[in-house]
2 protein chains.
Amino acid sequence: MWVEQEIRQQPKVTARLIHEEWEEARRIVEAARRFQPALAVLAARGSSDNAARYGQYLLGAFAGLPAALATPSLFTFYQRPPRLDRAWVIGISQSGRSPDIVEVVQEARRQGGWTLAITNEPASPLASAAHAVLLLRAGEERAVAATKTYTAQLIALALLAAAWTGDAAMREDLVQLPEAIARALSTEEAAREAAAFWWRAVHGVVIGRGFNYATAFEVALKLKELTYIVAEPYSSADFLHGPIALVEPGFPVFLIAPGPTFRSETESLAGLLREREAHLTLCSEDRTLLALADVGIPLPPVPEWLSPVVAVIPGQWFAVSLARLKGLDPDQPRGLRKITETR
Amino acid sequence: MWVEQEIRQQPKVTARLIHEEWEEARRIVEAARRFQPALAVLAARGSSDNAARYGQYLLGAFAGLPAALATPSLFTFYQRPPRLDRAWVIGISQSGRSPDIVEVVQEARRQGGWTLAITNEPASPLASAAHAVLLLRAGEERAVAATKTYTAQLIALALLAAAWTGDAAMREDLVQLPEAIARALSTEEAAREAAAFWWRAVHGVVIGRGFNYATAFEVALKLKELTYIVAEPYSSADFLHGPIALVEPGFPVFLIAPGPTFRSETESLAGLLREREAHLTLCSEDRTLLALADVGIPLPPVPEWLSPVVAVIPGQWFAVSLARLKGLDPDQPRGLRKITETR
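Nothing here was measured: the structure is a model prediction, and the numbers come from that model.

Here the focus is unusual backbone geometry. Residues and elements named next belong to chain A. Not every positive phi belongs to a glycine, and Tyr 228 is a case in point at roughly 60°. Here Glu 277, not a glycine, exhibits a phi torsion of approximately 60°, which is positive. In this fold, Glu 277 is placed in the loop between helix H13 (263-275) and strand E9 (279-284).

A word on the domain arrangement of chain A. Residues and elements named next belong to chain A. For chain A, the assigned domains are domain 1 (2-166) and domain 2 (185-325). Just the C-alpha atoms count here: the centres of domain 1 and domain 2 sit 26 Å apart. Counting from both sides, the interface comprises 25 residues of domain 1 and, opposite them, 23 residues of domain 2. For the domain 1 face of the interface with domain 2, the top three residues by lost area are Ile 7, Arg 53 and Tyr 54, together amounting to 25%. Across the contact surface, domain 1 and domain 2 share 2 salt bridges. Among the ionic pairs, Arg 8 bridges to Glu 188, the shortest N-O distance being 2.9 Å. Connecting domain 1 to domain 2 are 8 residue pairs in polar contact (both at pLDDT 80 or more). Counting only elements with at least two residues in the side of domain 1 that touches domain 2, the list comes to helix H1 (2-8), helix H2 (10-20), helix H4 (46-63) and helix H8 (148-165).

Here the focus is the interface of chain B and chain A. At the junction of the two partners, chain B supplies 70 residues and chain A supplies 70 residues. Across the chain B/chain A interface, buried area totals approximately 5700 Å², and carbon plus sulfur atoms make up 59% of it. Three residues stand out in chain B for area buried against chain A, namely B:Tyr78, B:Val230 and B:His241, and they jointly supply 12% of the buried area on that side. Applying the counting rule to chain B against chain A returns 4 salt bridges. B:Lys224 is paired through a salt bridge with A:Glu232; the nearest N and O atoms lie 2.8 Å apart. In this structure, the connection of chain B to chain A is made through 21 residue pairs in polar contact (both at pLDDT 80 or more). Taken together, the elements giving at least two residues each to the side of chain B that touches chain A come down to helix H4 (47-63), strand E2 (67-69), helix H5 (72-76), helix H11 (213-227), strand E7 (230-234) and helix H12 (236-240) of chain B. At 6 residues, the largest contribution of residues to the side of chain B that touches chain A is made by H4(B). When its residues are assigned to classes, the side of chain B that touches chain A shows 37 nonpolar, 17 polar and 16 charged.

Basis of the calculations
Residues numbered from 1 in each chain as written. Chains lettered and ligands numbered in written order. Predicted model: local features only at pLDDT ≥ 70, side-chain atom pairs only at ≥ 80, totals over all residues. Heavy atoms only, no water. Helix = DSSP H or I, 4+ residues; strand = E, 2+ residues; numbered from the N terminus. Domains from an automatic or database assignment. Contact = heavy atoms within 4.5 Å. Buried area = accessible area lost by both parts, 1.4 Å probe. Salt bridge = Lys/Arg side-chain N within 4 Å of Asp/Glu carboxyl O. Polar contact = N/O pair within 3.5 Å; in protein donor to acceptor, adjacent residues only side chain to side chain. Nonpolar A, V, L, I, M, F, W, Y, C, P; charged D, E, K, R; others polar.

Quick look at the structure:
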């Protein structure tokens, strides 16, 4: 099965990227710094857009840049693009072939913005359009559902953050990461246990916050693509502003909560969900938190800023296991092709 | 029933706002222009965050400003706020009391950014924190689910867009709008018809694009708050990048498609959904499009940039009707309070 093979390739793919593209990431950051951007704009679709969401937090936290996710229809349909002459515009696309993303990058360059493509395809229109390219070097991705190119995109963004700060400890964190990714592959069994509880579910929510807001989006997307469960992503704060009304006994919640920052918030959310008798799956390296869940998926501990790369892996296994339990073929999602061309 | 009364107040509330706050909106825009922002940052939660999404498109299209939705946890939890000294930061909150939103505005002001509060409460912490205040003047909102304060927030943002361009035609469009809002109230019956098809549904999707991406989020939120249906919002482009896999015969889709810009895209999406035998409810002023749906909800024609104010109304009725059909009290959503204080 391709998707399973590609999930297992992630330690190797990320290690290669961290070693081979570090110097390029440094050169890109030097050029970006010379440009003195007032903001960053990230343009992407699908899984790449989930990676962009991680980029929004990384660039804010480590480069001090306010970062926006692009609104491609202002460029393509309304033909009223905003002013991007002070923006560092980053297009992210595995294939480099999404016309709307290419258009955002082309327009930004026309206006005098500084543009970067993050892609797996050096010969793609996106790579040609941008001032600089950071290659994912993930090898061909054959499964329709992105896994190794998603984690590679996270790493590409993390390389930029580490290069921006120049902090040697961050670089070292990155070098250590593939080992933790390899350990995270062993969450397969716990993820299968969680899937056994979800196999009759027709919907559910996936919650993550801060750096792992992106992880919630990506796990929810994998569930929709592979298992046809209507899984909606939330930050825990947004979830409390309305959607908490959804929770009734047995309502399935997948909560992604690595790192110390949201520890006490996670604890009170888990308590609230238990009160309402939700079915709670929780991913964390913290044993006390894990004990609050119906199914706890232990994560290997990593620095919180890199935790999305590790925390998505049980979510990938979870979606694949659940697809199998439901008798679906994870390599053949209904009605999807590898490359979706939207305007 | 409060929520029903408040839905019916919308023509009056929006007319008052358009007349009484136009001069204030002009003064605010003058001050904002003097500041020469490189970008806008919109900070909000819940329904207000959906209004912010409309603001993101308005400010991009009419003020040429790249606009980001804020990432409050960078301010509150990580204490790594991005640089906002070149940003026009707009906090939106009905109550003006969401601590995380207040914190984003305070930090932006500390850094030298220019800040605006859009709120219904002149004496709130948010109003005190910002350089300027645009008041919603919506009267007390007693229902937990926001309706009239949501449309008032849209109008507040539209006033800013019209003031920024100085285009008299846009101002005139606004003056005419409350009449169209009054006509949109008569969608109640068609919305009830759609609700009859959804009453057994446990989940579904709500689709809108461009200016009406915000409407999709708001209608989905109303459904979750009032009917406990897991309703996920999408842009039609993002929907094709994965979640289209969800659609099987009978799958309920609520498609919001006013205005000419996405006409042909809507037509092909409706065709695709019919092929897969989805159950399609469609809101538009275009009769040909309406004929493609299982239930067509005709909208009064308005300029597309203002269509979100009108297009949300059948969505409000739809959520209220569906709640009633399910024997739920729309004024008492399970486990929600009017003011949610998150960090």
